[in-house]
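Given next are the chains, with one letter for each unit.
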Amino acid sequence: MISVSAEHPAIVQGDRTVLLEVDHVRYEEGRDILSRFAELERSPEHVHTYRLSALALWNAAALGVKTDEVLDGLRAISRFELPGHVEHEIRDLMARHGVCRLVDGPDPATLVLHVQSEPVRLHLSREPKLAALVRSAGDHFLVPVGHRGALKRGLLAVGYPVEDTAGLVDGAPLGVAVKHDSFTPYPYQTAAVRAFRATGHGVVVLPCGAGKTLIGVLAMAELGTRTLVLTSSREAAAQWRRELRARTWLGDDAVAIYEGARNAAVAPVTITTYSMLSKRAGSGTTGYTHFDRLSREPWGLIIYDEVHLVPAPIFRLTAELQARRRLGLTATLVREDGREHDVFALIGPKRYEVGWRVLEHSGHIAAATCFEVRVAMPAEVTASYAVAPPRDQPRIAAENPAKLAALRALVERHAGERILIMGTYLESLRAAARLVGSPLVTGDSTHREREAAYAAFRSGEVRILALSRVGNFAIDLPEAAVLIQISGTMGSRQEEAQRLGRVLRPKPGGASFYTIVSRHSCEEELALHRQLFLTEQGYRFFIEDMTGPPAPPEAAASRPPGGSDALLN
Amino acid sequence: MPSSTELRAAWQLQDIPDDALADFLRIPRTEVGGRRAALARQMRDPAWIAATLEGLPAATLVILHLVIEAGGLIPDDHLADLAEPFGLSERDCVAAIHAAIHCGLAVPLMSRGQQRKIAAVQPAAALVAPLVAGVDLLELPAAELVAAESPARNPRVFLAVCAAARHTEIKLTASGLIHRTPVKRLAKQVGIDDASLDALLRTGLCVGVLAADGEVVRPDLAALAAAAEGRYPRYPALAALAAQLGDAALDGSSAAALVGRSLPSGHASLPHQALGDLPGFVVGTVKGIEACRRQPPGGAAAGHVTPSFEVFLPPESRLIDVVHVGGCCEWERLDRAFVARITRPSIARAVAVGDTAEQILARLAAASRHPIPQNVEAAIRDWAGGAMSATIATGHVIVVDASASVRVAPALARFAAREVAPGVFLVDKDERIRDITVALGRAGVQHREALASGGAPSGAAAGSEAAPAVAAAVAPEAERLRARVSAWRRGEPFEGVRDDFLDKHRAAHTAPPAAQPGDSPRALLERWAARLDPRARRDLPRLAAIVGALDLLPASELAALLDDCDDLDQLIAAFARLAVQRTRPSPQQPSQAGAGPRGQRPPALLWQTEDLRERLRRAGQHGEALALDLATGVRHVEISRVMQRGTTWMVLGEDLASADAVALPLDAIRAIAALPDDFDIDSDALDDDDDDEDDDLDDDLEAPPVRRPWRPAEGQAGPPGHVLCPCGSGVRYRSCCRAVVTA
């Protein structure tokens with residue numbers, strides 16, 4: 001092979017991936033170079049995989065990185081000469097950035113699209129869907145403001161990102177003063193805000209527990225404008241409100257949770273949920289009554305919390321909000337539906353990211369140890385599992401009563417620590433809650449019940465809390481040190497990572513994350529897939545075998561429920 | 001001899017007639033008997049053979065190699081084609097052949113179809129063959145080899161692709177070709193083009209690291225592991241190449257030729273460009289010449305096994321690790337670094353062919369720079385324990401040592417035997433055990449004991465000693481010859497001595513004494529004598545007969561003849577060869593045996609040995625020109641009369657070559673032959689410029705006509721015999737076209 005030099009830490013592959021050896025003495029140099037223009041795809045413990053994706057290169061180009069800087073950077077760390085076609089592709093992709101540039105038009109309702117490439121210009125004129133969005137005007141196109149998002153999506157789909165330099169609406173001003181005496185932002189939080197501020201739209205990717213909410217708060221303070229916060233659940237909305245009150249000097253009337261019919265209050269900082277926004281009703285311009293209601297407000301910033309959860313309708317609606325500054329926050333920019341491109345086009349490119357293990361090493365999140373605990377299925381369960389149709393098998397395996405014995409053993413192992421028990425199938429979750437005597441929060445629990453349970457857990461009144469899928473996201477329980485997962489939603493990598501995030505708030509002694517899996521069942525495969533994201537982030541899973549004769553769980557499981565699920569004890 | 005070529009067509013020394021042998025060896029005919037006996041002894045003496053070869057020019061060694069390579073007999077034109085890559089022109093070939101002929105190692109023949117051929121001479125050929133077997137291998141400085149590595153076709157990818165066949169159903173068509181669909185799928189999966197992948201798979205099938213299992217292709221992991229070390233037990237031709245290569249580099253074409261000729265029967269030939277795919281070899285160029293050399297397997301345990309079940313093999317990892325990882329993982333990317341993934345099915349497939357969890361873990365650990373992550377280890381143990389496979393088959397199970405499979409498989413081919421595991425063959429139950437036993441016996445494998453009825457073998461058949469054929473050790477003499485030829489081909493001196501045989505020859509031909517229009521043949525001869533041999537100049541007056549004869553030649557032909565002679569002795573010998581006229585009245589003509597299955601080919605001249613007097617008398621009546629076989633050679637004489645002097649019958653006439661009147665005793669004439677109508681002593685004696693040396697190659701008088709004879713118009717008489725022939729040949733009419741008219 002050509003020009004071998006073991007002094008360099010990276011190998012550039014022909015598919016535009018870059019393998020970076022973690023143990024190499026020049027690893028950090030390589031990491032710093034790659035982070036400017038490559039996307040960290042996987043970061044297991046020995047070899048990190050970066051991808052020179054089109055989005056990553058365009059992100060770099062948007063930040064002012066030149067093609068030669070990319071190539072020189074790669075050559076500086078590559079053990080071999082760059083594959084010829086990779087260099088060509090990088091040049092080609094980088095050259096595409098800036099071909100289409102959106103600028104302010106002659107009037108506030110119109111933007112101007114400059115296209116430097118004749119083929120793209122032709123495509124734009126002839127492709128019906130795109131042609132409907134623009135109007136030719138000599139050497140440029142006129143674009144109605146309302147088509148801004150759709151046009152950007154359409155051009156990105158044909159491989160040309162739009163450099164959107166058209167002005168953004170400043171929104172109504174709002175002074176957000178941060179309580180600097182109560183906290184000091186971490187450097188990575190400041191850097192993330194700075195990266196976002198440069199363009200006014202984009203996504204920040206940080207691990208769970210790394211303080212993404214605080215980044216939102218800092219961004220609000222930086223921009224000083226009215227803000228709409230979109231979250232994944234009511235609990236998350238409440239948490240945002242709590243955080244805003246704790247970290248800023250905003251008054252109670254300045255922060256509101258928009259809950260539709262129950263509470264349609266709109267404040268300078270309004271928090272609502274995706275589900276609320278995407279409710280179809282009313283006779284507004286979009287047919288989404290709450291969206292129409294909120295979009296009339298003079299927001300200067302829209303924050304998309306857990307941006308990986310943005311439902312498809314929100315993307316369509318977001319296309320209408322292209323004139324506002326947009327900040328996406330997530331821990332896992334992994335969408336099982338593969339709509340990362342929509343995130344890129346409509347909310348913005350990834351502006352800032354820090355690896356999970358990087359923050360763990362720096363002590364900003366807790367060091368977590370992950371275990372997969374395997375338990376055998378009793379004979380009768382095995383039999384019913386074997387004869388069940390495939391769609392029922394995951395449930396049977398998840399509700400394996402032997403898991404309860406393992407759960408009890410784990411709870412005993414972590415006596416004195418705050419423990420979260422999480423599951424997807426409610427029957428087994430109820431049995432687990434009864435077994436360990438913990439409250440249970442499910443989708444049926446009222447908001448008040450949930451808040452009470454969380455408050456009791458935070459205060460230490462209860463040591464163990466059982467949560468259904470409602471606890472997957474945006475639940476801030478920093479005291480939790482152990483999480484025991486007794487079942488999951490099929491093979492969702494995102495859920496696994498988010499659940500781990502529940503215990504990643506920094507704490508002495510680190511955190512433990514357990515997944516109880518039924519042996520010789522589909523759960524093993526699903527667990528493998530679920531763990532993929534975390535193992536690629538550098539987490540190690542230890543396999544623990546608890547296939548000994550399970551203790552009869554009947555005693556605990558048969559205990560009659562007392563009261564509601566949330567207030568079991 | 002590392003060659004599959006048999007010297008079935010080589011010529012036997014005893015079949016060479018005395019006259020021809022005398023001519024070839026440049027000895028008087030009277031010495032032929034003794035020399036033949038001595039030569040027969042010498043030809044069986046390896047020391048003499050080695051010494052003789054040592055004395056031959058490199059070009060001649062190449063020619064001998066090509067002749068032997070062709071089975072001991074090769075057509076002239078084919079030889080010229082084969083010699084071209086060695087930088088030998090046709091003229092060079094002729095010169096080189098002469099050197100072999102003069103030491104008795106080769107003979108020229110003429111086939112019935114008028115095709116000239118060169119044959120090696122037995123018994124010497126058997127000893128010459130191993131010594132010249134490798135001289136076509138152009139040794140090049142290994143250090144100067146610039147490797148030409150393709151990202152898609154190199155030994156690492158080759159091994160990986162072959163190992164991947166375990167996890168991908170690569171099917172074969174009814175005609176044994178690889179289906180395109182799975183190849184495309186695998187190519188897309190691993191990120192290389194399907195044409196390269198297809199070529200690699202075909203190479204794998206060719207060298208035996210892949211094998212057809214029914215309609216699918218399966219890897220032989222043991223053979224793959226051996227290949228990773230540069231060994232190919234199922235393709236011994238590569239062992240021959242490796243042995244020949246040593247530490248040197250060889251030019252690519254001759255290396256491919258060596259592989260080709262080392263192939264045992266039944267083995268498919270390896271495509272020329274496939275050598276670069278194979279571990280143990282590296283191809284590239286040395287000063288622009290395609291070359292290859294050995295590449296000892298190197299590398300270190302440089303891989304990584306990650307908790308996400310990925311395996312990374314950087315380029316510096318060992319080839320054996322590629323095989324081991326490929327055996328239990330599915331490739332995701334075959335690029336500069338290989339990326340594989342450990343999956344439950346891939347582990348199950350490894351277990352299905354006999355691997356255990358411990359073996360898999362040990363191999364992964366050996367390939368990895370770090371310990372295997374605990375979750376991966378646990379999963380592999382789990383999966384391997386859960387994987388079970390069973391093969392149910394009925395029939396006769398033949399168990400031999402795995403190393404004997406190569407020998408046994410062909411023997412059992414007619415029973416459509418299936419090799420279900422290394423060394424375990426399954427034959428349909430309808431076949432008779434007796435037939436199988438006989439077939440095994442013919443393959444040298446003795447049937448020792450029947451299998452137990454339960455199916456478990458209670459004793460294995462013999463044959464474990466069968467080892468893959470490898471190249472015989474190359475003799476030091478052969479190595480020396482090979483090195484000498486390589487040095488000559490590179491234009492370098494060998495041990496300080498430059499092989500300038502061809503240089504001299506070419507120099508003589510590139511600057512021939514220009515035949516000026518005004519130059520008479522005599523003037524050319526004198527100039528030649530003055531240039532090369534003062535003695536010849538001094539003796540020219542004394543050699544009036546020769547000078548007179550040569551004077552008859554056209555100036556250009558004389559110039560060519562003189563080019564070939566460096567001294568007077570050579571000139572006399574060349575002239576004598578003219579007199580021989582390429583044929584002998586012998587029933588054991590060398591070319592007859594090789595002429596065809598009947599072994600007899602009509603001679604160009606019908607020699608008559610009886611009733612000579614009457615025939616000569618008739619010839620005298622018509623002034624007929626005849627060829628007379630005398631003890632001193634063949635003379636062409638225009639017969640004028642036969643008369644008795646005392647008790648001796650004398651034949652009178654005129655020698656056509658010298659134009660002298662001759663009187664020959666009838667008893668001295670052993671045979672006579674009528675010359676053909678178009679006989680032309682000039683063209684017969686000396687061919688045109690291009691073929692001036694080829695006359696020695698022919699073993700009979702037959703020569704292609706160079707022009708049509710002149711004939712007088714109908715009803716007109718021909719010119720007098722002493723005037724120049726009207727055909728424009730420049731010689732007298734009686735020596736030229738008159739014979740046609742008189743006939």
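Look above for the structure.
Our subject in this report is the structure included herewith. Nothing here was measured: the structure is a model prediction, and the numbers come from that model.

## Considerations on the interface of chain A and chain B
Link 1 in the chain: With 34 residues of chain A in contact, the opposing surface of chain B contributes 29 residues.
Link 2 in the chain: The junction of chain A with chain B conceals about 2,600 Å² of combined surface from both sides, 53% of it contributed by carbon and sulfur atoms.
Link 3 in the chain: Linking chain A with chain B are eight salt bridges.
Link 4 in the chain: When contributions to the side of chain A that touches chain B are tallied by element, the ones reaching two or more residues are strand E1 (10–12), strand E2 (17–21), strand E4 (47–51), helix H22 (522–530), helix H23 (532–536) and strand E23 (541–545) of chain A.
Link 5 in the chain: When the residues that make up the side of chain A that touches chain B are grouped by side-chain class, the tally is 15 nonpolar, six polar and 13 charged.

## Concerning the nonpolar core
Link 1 in the chain: Of all hydrophobic cores here, the largest spans 81 residues; its most connected members are Tyr235, Leu238, Leu270, Trp331, Ile342 and Leu364 of chain B.
Link 2 in the chain: It is helix H8 (residues 155–164) of chain B that provides the largest number of residues to this core, a total of eight residues.
Link 3 in the chain: Excluding residues that lie within four positions of it along the chain, Leu270 of chain B makes contacts with Thr203, Cys206, Val207, Tyr235, Leu238, Val259, Leu275 and Leu278 of chain B.
Link 4 in the chain: Counting 67 residues, the second largest nonpolar core, distinct from the first, contains Leu214, Ala237, Ala511 and Phe541 of chain A.

## A short note on the packing of aromatic side chains
Link 1 in the chain: Scanning all chains against the criterion turns up seven aromatic pairs over all chains.
Link 2 in the chain: Measuring from ring centre to ring centre gives 6.5 Å for Phe513 of chain A and Phe541 of chain A, while their planes differ by 80 degrees; the resulting arrangement is edge-to-face. A residue pair is termed long-range when its members are at least 10 positions apart, and Phe513 of chain A in strand E22 (residues 511–518) and Phe541 of chain A in strand E23 qualify at 28 residues.
Link 3 in the chain: Residue classification places Phe513 of chain A among the buried residues on the basis of a relative accessible area of 0%.
Link 4 in the chain: Exposure remark for Phe541 of chain A: the relative accessible area of 1% places this residue in the buried category.
Link 5 in the chain: Arranged with centres 5.5 Å apart and planes meeting at 75 degrees, the rings of Trp331 of chain B and Phe338 of chain B form a pair that is edge-to-face.
Link 6 in the chain: The class of Phe338 of chain B is buried, set by a relative accessible area of 1%.
Link 7 in the chain: Aromatic ring contacts, followed pair by pair, group Phe371, Tyr514 and Phe542 of chain A into a single cluster.
Link 8 in the chain: Seen from the ring of Trp249 of chain A, Lys179 of chain A lies directly overhead, with NZ or CZ sitting 4.8 Å from the centre.
Link 9 in the chain: Between the NZ or CZ atom of Arg156 of chain B and the centre of the ring of Phe338 of chain B, over which it lies, the distance is 4.1 Å.

## A closer look at the packing of helix H10 (residues 234–247) of chain A against helix H20 (residues 447–459) of chain A
Residue and element names in this part refer to chain A.
Link 1 in the chain: Here H10 crosses H20 at 55 degrees, and the two axes come no closer than 11 Å. The angle between H10 and H20 falls in the class oblique. In the crossing of H10 with H20, the sense of the turn from one axis to the other is right-handed. When H10 is examined against H20, the residues Arg234, Glu235, Ala238 and Arg242 are found in contact with a partner set consisting of His447, Arg450, Glu451, Tyr454 and Arg458.

## Concerning empty space enclosed by the protein
Residues and elements named next belong to chain A.
Link 1 in the chain: Tallied over the entire structure, the rule returns 12 cavities of 30 Å³ or more.
Link 2 in the chain: Taken as a whole, the largest cavity holds about 230 Å³ of empty space.
Link 3 in the chain: Lining the largest cavity are 19 residues, and of these Gly209, Thr213, Gln239, Arg502 and Arg505 lie nearest its centre.
Link 4 in the chain: Looking at the lining of the largest cavity, the elements that each hand over two or more residues are helix H9 (212–223), H10 and helix H21 (493–501).
Link 5 in the chain: Among the elements that line the lining of the largest cavity, the one with the most residues is H10, at three residues.

## Thoughts on the pattern of salt bridges
Link 1 in the chain: Scanning the model with the defined rule gives 61 salt bridges over all chains in all.
Link 2 in the chain: Among the ionic pairs, Arg121 of chain A bridges to Glu118 of chain A, the shortest N-O distance being 3.1 Å. Of this pair, Arg121 of chain A and Glu118 of chain A both sit in helix H5 (residues 118–126), three residues apart, which is roughly one turn of the helix.
Link 3 in the chain: Note on Glu118 of chain A: relative accessible area 45%, which makes it partly exposed.
Link 4 in the chain: Here the salt bridges share partners, and the residues they tie into one network are Glu41, Arg42 and Arg51 of chain A together with Glu310, Glu332 and Arg341 of chain B.

## Brief notes about a negative patch on the surface
Link 1 in the chain: A grouping of Asp77, Asp81, Glu84 and Glu90 of chain B is seen on the molecular surface, where their side chains present a negatively charged patch.
Link 2 in the chain: Residue position: Asp81 of chain B is located in helix H5 (residues 76–83).

## Thoughts on the side chain of Arg615 of chain B
Residues and elements named next belong to chain B.
Link 1 in the chain: Residue position: Arg615 is located in helix H28 (residues 612–622).
Link 2 in the chain: Its relative accessible area of 14% is what places Arg615 among the buried residues.
Link 3 in the chain: Ignoring sequence-local partners within four residues, the contact set of Arg615 consists of Gln608, Glu624, Leu626, Ile672 and Ala674.

What counts as what
Residues numbered from 1 in each chain as written. Chains lettered and ligands numbered in written order. Predicted model: local features only at pLDDT ≥ 70, side-chain atom pairs only at ≥ 80, totals over all residues. Heavy atoms only, no water. Contact = heavy atoms within 4.5 Å. Buried area = accessible area lost by both parts, 1.4 Å probe. Salt bridge = Lys/Arg side-chain N within 4 Å of Asp/Glu carboxyl O. Helix = DSSP H or I, 4+ residues; strand = E, 2+ residues; numbered from the N terminus. Nonpolar A, V, L, I, M, F, W, Y, C, P; charged D, E, K, R; others polar. Core = buried A, V, L, I, M, F, W, Y, C linked by side-chain atoms within 4.5 Å. Buried < 20%, exposed > 50% of the residue type's maximum accessible area, 1.4 Å probe, protein only. Phe/Tyr/Trp six-rings, centres within 6.5 Å; stacked < 30°, edge-to-face > 60°. Lys NZ or Arg CZ within 6 Å of the ring centre and 35° of its normal. Axes fitted to C-alpha atoms, helices over the stretch in contact; angles between N-to-C directions. Parallel < 35°, antiparallel > 145°, perpendicular 65-115°, else oblique. Left-handed = near helix turned anticlockwise from the far one by under 90°. 1 Å grid on protein atoms, 1.4 Å probe; cavity = no way out; pocket = protein on both sides within 12 Å on 5 of 7 lines; lining within 4 Å. Points joined across faces, edges and corners; volume = space filled by probe spheres on them. Patch = residues over 30% accessible without salt bridge, like charges linked within 9 Å, V, L, I, M, F, W, Y side chains within 5 Å. Areas by Shrake-Rupley, 256 points an atom, 1.4 Å probe, with all protein chains shown as cover. Lys, Arg positive; Asp, Glu negative; His and termini not counted. Charge placed at Lys NZ, Arg CZ, Asp CG, Glu CD.

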